[in-house]
Amino acid sequence: MTYHLPRRDMFKIAGGAFAGATLLSACGGSGGDPSSIEYWGAFPTPETEEYFRANFIDSFNSSTPHSVRMSTKQLTDLASLTDTAVSSGNAPDIIYSPGPTTSISYAQGLKTLELDDYATEYGWDERLLPWAAQLSRVEDRMYSVPTSYGSLVLYYNRAVFEENGWTPPTTRAEFEELCEDADSKGLIPVGAGNSGYPAQSEWYLTCLLNAAVGPNRLYDILTGARDWTDDSVVEAMEMMKEQLDKGWWGGGADRYFTNTDPDMCTGLATGDVAMYMSGTWSFSSMGTFFADSGNDPEDWDWAPLPSLSDDVEPGVYPLAIGTALSISSGSKDPDAAAAFLDHLVGDTGRSLGYLAEQGENPPPVAYESSDFPEGTDPRVQRLYEEIPASTNLGYASWTFLPPETNTALYTEFDKIITGDIEPAEYTEVLNSMFLQELGSGASPTPFTPQ
Amino acid sequence: MSVNTHDAEGRARARALPRASRTPRRRTAGLLFLAPLLVVNVLVIAGPALSSVAYSFTDWDGINTPGFVGWDNYAALWGDEAFLNALRHNLVWTLFFLTVPMGMGLLGAYLLSRIRRGRTLFRVIFFVPYVMATVVSAAVWRQVLSPTAGLIPALDAFGVPWVGGLNPLGDPDLALGAIAMINNWQWWGFLVMLFLTAMQSVNPSLYEAARLDGAGRWREFWHVTLPGIRPTLVFLFLMTIIWSFLVFDYVYILTQGGPAGSTDMLSTLLYRTAFSEGRAGHASAVGVVMALISALTIAGYLVLRRRLRWDV
């Protein structure tokens, strides 16, 4: 049987389809005022998002002639979503980068605007810490503004340390003595693992490289003046392998691949883990692990990294940019976008209020003690007072290494743990990749050690 | 073969269609109805697929303008230990899913087809894992297989031998098998349902005839059931091969290819190469190889179908 569709019905169907498509396309848009600039944000908790919206978005919209609309993304997806949007030419006005490596790539592809005029207008160069201002530059032109920074430190449980008569180690001898004692008492001496997030290994490797190889040699390596195959790097990896085999890191090779970051934070709270080298992003959540396990949230504390070599000064702070923002070259209103960037980094009170209330890392700016609002956790405040005052500053891998080398740093490290490759082979792999990427201009320029 | 009968009937029906149905006007109307689907197909499937092929000949980093590098990405794959390692894992995975879940599915379906009471209950029990979200079942299994807080330390505490210190997801020698078993836990019940449906469509008189001829259970299964469900069986073999080269979710959630690359698949390698290493051109070449494997599988099937005149 055949059925002839009347022409009028065909028009109805076609009209309906067109209306539906229009409606769908309308739903697909980001909505809001089309004249406002677009910003993509991602937050660890709904409370943090609410705080940011009230104190950064709404305050910008009410205090300036410009308007910004925020679209919230998943924290884990923001970088890849931004990559896709940038490469397809549909980037928001403000482009997120999880560090300078990505912002360099955007700048080299002319996806982002040069910011030197805005830097002069808003005084960003003077405001930002010198190392951060330097990292924002590509071929001596500013292309991004770092809006959060942090470091890696050694976390410990004050109650557990007091109970065992321990103090935070500052030298390799003290570190090893504490590890042996903790191990003999049934504790995991140093929390470690990469289950669920293989890149977690780079936290420990960053600590190791800064504490055992040291900022001076690392600077030489990052600038190509020294190879990754340098004895100091090989020896550092051998030392870590030896300590892993003793079960000092994460309880040993057999546990390393199933330990998670929350496992280690909980272990620190419950006294099952003696020390944990991790990022300062855990400042905001460490107290929760202590409270959730029935311990006092005031018991967690941190110390700068110990030295793991006679040639390295104790207390190095590896520096890491958490977020760098740029202005899309396709932005219809770069002036408004620049004003919003300044709104994010230009007001000390607003930045430190965010730190005090939500534990979110502030922009790399020099802060005075008097800048911190009442109620700021003194443990958090101490970090952001000590880093600008310190001359012992190091390099976080994800901030200073080009992407392929950085990925190999932690994926190939797995093979050292399993014994599939030797430390010397590992450094050869890193070296060949790094030299290739250094030559292509994909590597950020490191700051000169102070 | 019934396929010939069907084809002949189809051709006869086509000839019997009114001439009006083949007029240009009807054809235009048909094309108009097809057009939205074709547009969607071109935009969503064909466009990205073709652009992936094009990018596989470039040094694209995923962001900037790509440069043409010819066959370099493909040439690099054959010397790339990470690629060969992932390809090996995909082949092992394929072999596993062509045998273990298929065997379990056939056995489960056959046993279910033999019973009357409780069949619905068993169908539900077998099927429930399939409707669970992958993320949920992966999280549950991660807990179950935890060396510190899961089933293993509990069994160890009860004195079960061999399990002490076992770490299925953290041991490079066990991790791939552990993930395959977890995936199979979700998958095999679905196969049971498909095979059971197929078995129920087999003509019961064939079983009666087999029994009259003195066939036992095994011969009945081998000579009646299996030929009767061959279309379903062949289709699932084909799809299993294709799906095995696309596997991503469980691996990514549970190990992300670790430890030490022991569970790396072509899909996880592709994802890491494109999004962590910024080598989208190289990753595209991996993707094209994956697509070629699927295409070869389908081509092989079509050849077999034509030569053996399979009714699928």
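These numbers come from a predicted model, not from an experiment. (Residues numbered from 1 in each chain as written. Chains lettered and ligands numbered in written order. Predicted model: local features only at pLDDT ≥ 70, side-chain atom pairs only at ≥ 80, totals over all residues. Heavy atoms only, no water.)

1. Examining the overall build of chain B
So, step 1. A count of helical and extended segments in chain B gives 14 helices and zero strands.
So, step 2. The N-to-C order of helical and strand elements in chain B reads α-α-α-α-α-α-α-α-α-α-α-α-α-α.
So, step 3. Taken against the 2.2 N^0.38 rule, which gives 20 Å for 312 residues, the C-alpha radius of gyration of chain B at 25 Å runs more than 25% over that of a compact globule.
So, step 4. C-alpha atoms of chain B, sized along the principal axes, occupy 65 × 60 × 30 Å.
So, step 5. In chain B, buried positions account for 39% of the 312 residues.
So, step 6. Of the contacts formed within chain B by residues at least 6 apart in sequence, a portion of 68% connects residues at least 24 apart.
So, step 7. For chain B, the exposed surface amounts to about 17,500 Å²; the carbon and sulfur share of it is 68%. (Helix = DSSP H or I, 4+ residues; strand = E, 2+ residues; numbered from the N terminus. Rg over C-alpha atoms; globule rule 2.2 N^0.38 Å. Buried < 20%, exposed > 50% of the residue type's maximum accessible area, 1.4 Å probe, protein only. Contact = heavy atoms within 4.5 Å. Areas by Shrake-Rupley, 256 points an atom, 1.4 Å probe, with all protein chains shown as cover.)

2. Remarks on the nonpolar core
So, step 1. If you look at the biggest cluster of nonpolar residues, it comprises 127 residues, and the most contacted ones within it are A:Trp124, A:Trp131, A:Trp249 and A:Phe413.
So, step 2. The two domains that each donate at least three residues to this core are domain 1 (37-143 + 320-385) and domain 2 (150-316 + 393-439) of chain A.
So, step 3. Ignoring sequence-local partners within four residues, the contact set of A:Trp131 consists of A:Tyr149, A:Leu319, A:Ile321, A:Pro364, A:Leu393 and A:Phe447.
So, step 4. The next biggest cluster of nonpolar side chains, apart from the first, holds 41 residues, and it includes B:Trp93, B:Leu176, B:Ile179 and B:Phe221. (Core = buried A, V, L, I, M, F, W, Y, C linked by side-chain atoms within 4.5 Å. Domains from an automatic or database assignment.)

3. Some details on the interface of chain A and chain B
So, step 1. At the junction of the two partners, chain A supplies 32 residues and chain B supplies 27 residues.
So, step 2. At the boundary of chain A with chain B, total buried surface from both sides reaches about 2,200 Å², with 60% on carbon and sulfur atoms.
So, step 3. For the pair chain A and chain B, the interface holds one salt bridge.
So, step 4. For A:Glu404, the salt bridge identified is with B:Arg279, shortest N-O distance 3.6 Å.
So, step 5. The tally of links from chain A across to chain B stands at nine residue pairs in polar contact (both at pLDDT 80 or more).
So, step 6. Secondary-structure elements contributing two or more residues to the side of chain A that touches chain B are α1 (7-28), α3 (78-87), α4 (100-108), α13 (253-256) and α20 (403-418) of chain A.
So, step 7. Broken down by element, the side of chain A that touches chain B gets its largest block of residues, eight residues, from α20(A). (Buried area = accessible area lost by both parts, 1.4 Å probe. Salt bridge = Lys/Arg side-chain N within 4 Å of Asp/Glu carboxyl O. Polar contact = N/O pair within 3.5 Å; in protein donor to acceptor, adjacent residues only side chain to side chain.)

4. Considerations on the UniProt feature "transmembrane region" (unreviewed entry) in chain B
So, step 1. Within this structure's numbering, the places UniProt gives as "transmembrane region" (unreviewed entry) are residues 29-50, 91-112, 124-141, 174-196, 233-253 and 280-304 of chain B.
So, step 2. Across residues 91-112 of chain B, the secondary structure splits into 100% helix and 0% strand, with the terminal C-alpha atoms separated by 31 Å. (UniProt positions renumbered as here; feature names shortened; annotations may be inferred.)

5. Comments concerning the state of the cysteines
Residues and elements named next belong to chain A.
So, step 1. Counted according to the given criterion, the structure contains zero disulfides over all chains.
So, step 2. A disulfide-free cysteine, Cys179 has its sulfur positioned 13 Å from the sulfur of Cys207, the nearest such atom.
So, step 3. Cys179 sits in the buried class, given a relative accessible area of 0%. (Disulfide = S-S within 2.5 Å.)

6. Describing helix α14 (residues 280-308) of chain B
So, step 1. When the terminal C-alpha atoms of α14(B) are compared, their 41 Å separation across 29 residues agrees well with the 42 Å that a helix rising 1.5 Å per residue should span.
So, step 2. B:Arg309 occupies a position one or two residues after α14(B) and carries a positive phi of about 55 degrees. (Expected span 1.5 Å × (residues − 1).)

7. Structural notes on unusual backbone geometry
So, step 1. In this model, B:Gly258 is joined to B:Pro259 through a cis peptide bond whose omega is -10 degrees.
So, step 2. Looking at the element boundaries, B:Pro259 is found in the loop between α12 (249-254) and α13 (266-275).
So, step 3. Within the chain, A:Glu139 stands out as a residue other than glycine whose phi angle is a positive 50 degrees.
So, step 4. Along the chain, A:Glu139 falls in the loop between β4 (137-138) and β5 (141-142).
So, step 5. Located in the positive-phi region is B:Trp162, a residue other than glycine, with phi close to 75 degrees.
So, step 6. Inspection of the secondary structure assignment puts B:Trp162 in the loop between α7 (151-157) and α8 (175-200).

8. A word on the pairing of strand β6 (residues 145-157) of chain A
All names here are of chain A.
So, step 1. β6 sits mainly inside the fold: 13 of its 13 residues count as buried.
So, step 2. Taken together, the six bridges between β6 and strand β10 (residues 317-327) define a ladder with antiparallel strand orientation. Paired with Val145 across the bridge in β10 is Leu325.
So, step 3. Note: β6 against strand β8 (residues 273-279), five bridges, orientation antiparallel. Following the sheet pairing, Leu152 is matched in β8 by Gly279.
So, step 4. Here four bridges tie β6 to strand β9 (residues 300-303), and the two strands are oriented antiparallel to one another. (Pairing = 2+ DSSP bridges.)

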